[in-house]
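Okay, here's what each chain looks like letter by letter:
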Amino acid sequence: YFEDDKVLFAIYMVSIVLLILVPIIGQERNGAKRWIFGIQPSEFIKISYILYCAKLMTKLDNESTDNLVILIKKYGVNFFLLALLPILIIFQSDLGTIIHYMGIFVSMIVLSKFRMRDILLSIGMVFGLAVPFALVENYRFKRIGEWLEGLKFNGIGGGYQVEQSVIGIGNGGLLGTGYGNGFQKYQWLPEIHTDFIFASIAEEWGFLASCLIIIAFITILFTGLSMATKIKDNFPKYVTVGIIFYIIAQALMNLYVVTGMMPVTGIPLPLLSYGRSSLISLSICIGLLFNILRYAEFED
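As a starting point, this report considers the structure included with it. Computed from a predicted model, the values in this text were never measured in an experiment.

Locating Trp188 in the fold gives a position in the loop between helix H8 (160–172) and helix H9 (197–229). In this structure Trp188 comes out as partly exposed when scored by relative accessible area, which is 48%. Trp188 sits 23 residues away from Ser165 along the chain, and the two C-alpha atoms are 9.1 Å apart. When sequence neighbours within four positions are dropped, the list of residues in contact with Trp188 reads Tyr160, Gln164 and Phe183.

This brings us to a nonpolar patch on the surface. Together, Val14, Val17, Leu18, Ile20, Leu21, Ile24, Ile25 and Phe37 give the surface a local cluster of nonpolar side chains, amounting to about 750 Å² of exposed area. Looking at where Leu18 falls in the secondary structure, it is placed in helix H1 (residues 5–25).

The next thing to look at is unusual backbone geometry. Its identity as a non-glycine residue notwithstanding, Leu271 has a phi of 70°, on the positive side. Locating Leu271 in the fold gives a position in the loop between helix H10 (234–258) and helix H11 (276–295).

In this section: the pattern of salt bridges. For the structure shown, the criterion picks out one salt bridge. Lys46 is the partner of Glu43 in a salt bridge, and the nearest nitrogen-oxygen pair spans 3.3 Å. Of the two residues, Glu43 and Lys46 are both situated in helix H2 (residues 41–61); the distance of three residues between them amounts to about one turn of the helix. Considered together, Glu43 and Lys46 belong to a single accessibility category, that of buried residues.

By the definition in use, this model includes three aromatic pairs. Between the aromatic rings of Tyr12 and Tyr52, the centroid separation amounts to 4.1 Å while the plane-to-plane angle is 20°, which identifies the pairing as stacked. Here the residue Tyr12 occupies a position in helix H1, and Tyr52 occupies one in helix H2, the gap between them amounting to 40 residues. In this structure, Tyr12 and Tyr52 share a single accessibility class: buried. Aromatic pair Tyr179 and Trp205: ring centres 6.0 Å apart, planes at 45°, arrangement tilted. Highlighted residues: Tyr179 in the loop between H8 and H9 and Trp205 in helix H9, separated in sequence by 26 residues. Overall, the relative accessible area of 45% leaves Trp205 in the partly exposed class.

Calculation rules
- Residues numbered from 1 in each chain as written.
- Predicted model: local features only at pLDDT ≥ 70, side-chain atom pairs only at ≥ 80, totals over all residues.
- Heavy atoms only, no water.
- Helix = DSSP H or I, 4+ residues; strand = E, 2+ residues; numbered from the N terminus.
- Buried < 20%, exposed > 50% of the residue type's maximum accessible area, 1.4 Å probe, protein only.
- Contact = heavy atoms within 4.5 Å.
- Patch = residues over 30% accessible without salt bridge, like charges linked within 9 Å, V, L, I, M, F, W, Y side chains within 5 Å.
- Areas by Shrake-Rupley, 256 points an atom, 1.4 Å probe, with all protein chains shown as cover.
- Salt bridge = Lys/Arg side-chain N within 4 Å of Asp/Glu carboxyl O.
- Phe/Tyr/Trp six-rings, centres within 6.5 Å; stacked < 30°, edge-to-face > 60°.

Read these as layout, nothing more, since geometry by itself doesn't imply function.
Here you go:
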């Protein structure tokens, strides 16, 4: 059903309209305008982005990939629409989500039949665009500066939230302080129930529980990729890979932030952080995976 060009185009156009409306009628929270009626469109639109990207990659697989310029000319409108969603998110001051979109795109193009040279060129261009955007606004430059300063002095990315997060993780030790006995959630670490929930879990449940969470994401990664490699049709294969890396890339970005390995981006931990938009979006994606598992044709 979602593979139909008309249906997919209609869904994608609705996504574009929603992102256009966010700066106009959106609600502002913590200095950022990203919500419409309590819902964050950029989270739901990841689904349409995955579907549209999967459809485009399926079409490209039926073409000769010897000449990248010819393909760009032929599918120029499609490439433009694919880039339009991350471009519109620029106006929401959400660098983390843009990087997340880029990660989803990279996961799909790596699976394609493009030559490695063209794949690396595409990846370089995509991530190269993120660098100047990161330096456009002062607060991003400040976050990066704090992170680099922390690396220089103690080997851990700096910034108040990151420092408090690392303290909380360290407080947990092997088995944790016990359920409800964490200290960092009492005004020390802001937004601990959203972007920094892993720090709270590590503090109260310890290193072993933290390892179980990481193992769970690793299991999702390898199970999903194993499933994708056995699917005969390209479209459900690309959708599967896109969803898997939607989950894994988001988890990696969140874990890197809470452990000081990258600057703060505002990305929640999948299925664990508080946030209805993210949770509903992920639930829909998991539903799509089960639907693919049920109806797709698999190799023996």
